[in-house]
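Observations on the three-dimensional arrangement
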Amino acid sequence: MPGIGRRFWGDWMDWNEAAALPYYPGDDLGAVWTPERTVFKLWAPTAQRVTLRLFAAGTDGEPDAALLGEHPMAPAGQGVWCATADGDLNGMYYTYRLHFADGSDTEVVDPYARSAGADGARGMVLNLSAAVPQGWAQDVRPVIPPHARCIWECHVADFSADPHSGVPKSLRGKFRAFTLPDTTLDGDGIHPTCLNYLKRLGVSHIQLMPMFDYATVRETAPGGYNWGYDPLNYNVPEGSYATDPFHGAVRVRECRAMVQALHKAGLGVVMDVVYNHTYFADSWLERTVPGYWDRRTAEGKLTNGSGCGSDLASERPMVRKYIVDSVVFWAKEYHIDGFRFDLMALEDADTMNAVRAALDALPGGRDILLYGEPWAGGATRMEHGARPADKSALDRLDARIGFFCDNTRDAIKGNVFDAAAPGYVNGNYGAGYQLLHALGAWRGGEGGFTPKAAGQVVQYVSAHDNLTLWDKLCATAHTKDWDNPDETLLAQNRLAAGIYLTVQGMPFMQAGEEFGRTKHGCDNSYKGPLTRNRLDWRRAYAPGFRELTEFYRGLLALRRACPPLSGAAGEPAPMVQALPGWLIGFVTEGQDKAEHTGEMAVYYNPEPVAQPAPLPAGTWRLLAQGAQAGAHPFGPRQTAQLELPPRSLTVLIAE
Ligand code: CA
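Residues numbered from 1 in each chain as written. Predicted model: local features only at pLDDT ≥ 70, side-chain atom pairs only at ≥ 80, totals over all residues. Heavy atoms only, no water.

1. Some remarks on the side chain of Thr476
By the secondary structure assignment, Thr476 is in helix 10 (residues 469–476). Side chain to side chain, Thr476 and Asn426 meet in a polar contact 3.0 Å long. In this structure the side chain of Thr476 is engaged in a polar contact, spanning 3.2 Å, whose partner is the backbone oxygen of Leu473. (Helix = DSSP H or I, 4+ residues; strand = E, 2+ residues; numbered from the N terminus. Polar contact = N/O pair within 3.5 Å; in protein donor to acceptor, adjacent residues only side chain to side chain.)

Now the structure itself:
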């Protein structure tokens, strides 16, 4: 890290002091490159003097690492410092040195830097339009209708690091692994892996765990691993995912190539973003305007609502602007199709609405997804009447800002904080009362919160945090035989998926849930090792798990083929049937309401025995039952009565 500052822990501006600083509305912060000159602008209203420092290399350790020159920056109004350097600076590295009235000084990477040297300790001047893969100008976002959305969450390295992935060793764990369209298991030419596998799974969007530049993995030494919730440079792709972290254009080009390849496969790309905190309390942001960026308690101590350090004060105008600018930058320059806000309750609701409005203003921007975790990791302190963007702020939040629904998650498979606690599919049948509310995406307000639209509600049972679904089912069955495709657990798994993929809302799943992904009981693997985290592609084709993957594929096809299931077009909550015991059954509207065709009847049987259930009037055919699911009806016509297999989902469509 360049020049460690020394004043930040003690300094704090209260709301009035912060509000007295000038606001800068311009869109030209950072290093704006042209062939003739580069213009540098930094918002630092409390600095007394600022110097631009230019380098030929991105790290101290490289040849030509020495300082090339220093340029004093001049005040340019509204708290901004400006310097212009003539000539073509593309590929040059830089930092800023700031001096304050009390005699202290510090050095920072430009918070608006477009790229960086290895380990992110120097920013980089970049001609963004040249750091592109072939065909980038023709890259377009795939058009995905709202009812067909299903998110698949993965980590860039986990995706391809398995030595059996069929990806060449040099590209495993890298952005570029996503660009290989035809990989197979150990190169056998038969069993698709990675992108080749995703092309036929049936999910619509790939959510990537943080891929901006994070702090804890050494980019200059291979072998590190982290989930990446430790932000360093918000507008720079992570260097350890690039084949060359030393030259800042490479990570930009390779990250874009990943997005392009996913788009070509018809998949959207959602970026997991962590604007709630910075990894270092002594962050570049806090160094530039000490006391402005981070939240403090009334006593002036840093708050820790993230559980990982200092919280950014999103409600302050320049912090809000920074978050909005950064999201828009990724949407425009990397063609990102959605943003998942980590610990969204640490953002204030007005900031989230400002992000939504800024995305909506882009061409096609209304289709860009925006959702987040409606909770925090601890106490924070918002000022000036700002409201946390949690479930209680749904009245304030735009109807196209979504949230992860822990109510549905825990009702299906049990509480995430108590490994042995079951849900509806694994023994706690009473949780079915909660699921009745999940059917209509909780829009009746039964959970103590009131979504404005079904599409706001992210329906899921597993994500990177906590146990994988398979490990949770093992925990509630009191077994540690994680690699055994036990029939009961497979049935519970199918029912869990069957529920969140037939209720209204936007479905979401952790990568590999569909083949019983296991971390062998580890409920927090954020620091690695990679061997525990990476997708095990052999498991996708192992007996028992292979059939589970096929079931998911069929279920996803069913979901896409039956738009009313999602509630995305404003359909009312489905009509619940009165059924005996712990059975749940409901009927959705058909695609043709006047003709009553295409109505669907859905049943969940969580019990270990087969049970009879009445069918509504009409003639029905199966779309899913037991281990089979798909978009096309199968089996004989059914009327009046049917039998539900043990621990099963059954879906029928009216003829
Ligand atoms: Ca990094």
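2. As for the coordination of the calcium ion
Around the calcium ion, the donor atoms from the protein are Asp213 (OD), Tyr214 (O), Glu219 (OE) and Glu238 (OE), and they sit 2.2 to 2.4 Å away. All donors of the calcium ion belong to a single chain; written as a sequence motif, their spacing is D-Y-x4-E-x18-E. (Donors = N, O, S within 2.8 Å, 3.2 Å for Na, K, Ca; no water.)

3. Quick word on the packing of helix 10 against helix 11 (residues 487–500)
Where helix 10 contacts helix 11, the two axes come as close as 10 Å, and the packing angle between them is 130°. On the basis of their axis angle, the class for helix 10 and helix 11 is oblique. Helix 11 is crossed by helix 10, and the crossing has right-handed handedness. Mapping the contact onto sequence places Leu469, Trp470, Leu473 and Cys474 in helix 10 and Leu489, Leu490, Gln492, Asn493 and Ala496 in helix 11. Residue composition of the contact of helix 10 with helix 11, grouped by class: seven nonpolar, two polar and no charged. (Axes fitted to C-alpha atoms, helices over the stretch in contact; angles between N-to-C directions. Parallel < 35°, antiparallel > 145°, perpendicular 65-115°, else oblique. Left-handed = near helix turned anticlockwise from the far one by under 90°. Contact = heavy atoms within 4.5 Å. Nonpolar A, V, L, I, M, F, W, Y, C, P; charged D, E, K, R; others polar.)

4. Digging into the sheet that holds strand 1 (residues 30–33)
Spatial ordering of the open sheet is given by 1-2-6-5, a layout of four strands whose pairing is antiparallel. Since the sheet does not close on itself, it has two edges, and those belong to strand 1 and strand 5 (74–75), each with one partner. Two elements, strand 2 (residues 37–43) and strand 6 (residues 80–86), share seven bridges in a ladder whose sense is antiparallel. Paired with Thr38 across the strands is Ala85, a residue of strand 6. (Pairing = 2+ DSSP bridges.)

5. What to know about the domain arrangement of the protein chain
When cut into domains, the protein chain gives domain 1 (1–145 + 242–404) and domain 2 (575–654). Computed over C-alpha atoms, the centres of domain 1 and domain 2 are 50 Å apart. (Domains from an automatic or database assignment.)

6. Some points on the sheet that holds strand 20 (residues 506–510)
Pairing is parallel around the closed barrel formed by eight strands, whose spatial order is 11-12-15-16-17-18-19-20. Averaged over neighbouring strand pairs, the angle between their axes works out to 30° when direction is ignored. As defined by bridge partners, strand 12 (residues 205–208) adjoins strand 15 (residues 268–273) across four bridges and the pair is classed as parallel. Looking across to strand 15, one finds that His205 is bridged to Gly268. Here helix 7 (residues 349–360) sits on the sheet in contact with strand 16 (338–341) and strand 17 (369–372), set at roughly 165° to strand 17.

7. Overview of the packing of helix 11 against helix 13 (residues 545–561)
Closest axis-to-axis distance for the helix 11/helix 13 pair is 11 Å, and the angle between their directions is 15°. Considering their axes alone, helix 11 and helix 13 lie roughly parallel with respect to each other. Seen along the crossing, helix 11 lies across helix 13 with a hand that is right-handed. Contact with helix 11, carried on its side by Leu490, Asn493, Arg494, Ala497, Gly498 and Tyr500, involves Phe545, Leu548, Phe551, Tyr552, Leu555 and Arg559 of helix 13 and no other residues of that element. Each residue belonging to the contact of helix 11 with helix 13 can be placed in one class, and the counts come to eight nonpolar, two polar and two charged.

8. With respect to the pairing of strand 1
By the bridge criterion, four bridges tie strand 1 to strand 2 in an arrangement that is antiparallel. Along strand 2, the bridge assignment pairs Gly30 with Lys41. The loop that links strand 1 with its antiparallel partner strand 2 comprises three residues.

9. Points about the nonpolar core
Formed by 147 residues in total, the largest nonpolar core has its most connected members in Trp152, Met211, Trp330, Phe339, Phe341 and Tyr604. Looking at this core element by element, the count peaks at 11 residues for helix 6 (residues 317–334). Structurally, this core is a two-domain feature, drawing no fewer than three residues from each of domain 1 (1–145 + 242–404) and domain 2 (575–654). Beyond its immediate chain neighbours, meaning those up to four positions away, Phe339 contacts Val270, Met271, Val273, Val327, Trp330, Ala331, Leu359, Ile368, Leu369, Leu370 and Tyr371. Of all hydrophobic cores here, the second largest spans 24 residues; its members include Phe40, Tyr94, Phe100 and Val108. (Core = buried A, V, L, I, M, F, W, Y, C linked by side-chain atoms within 4.5 Å. Buried < 20%, exposed > 50% of the residue type's maximum accessible area, 1.4 Å probe, protein only.)

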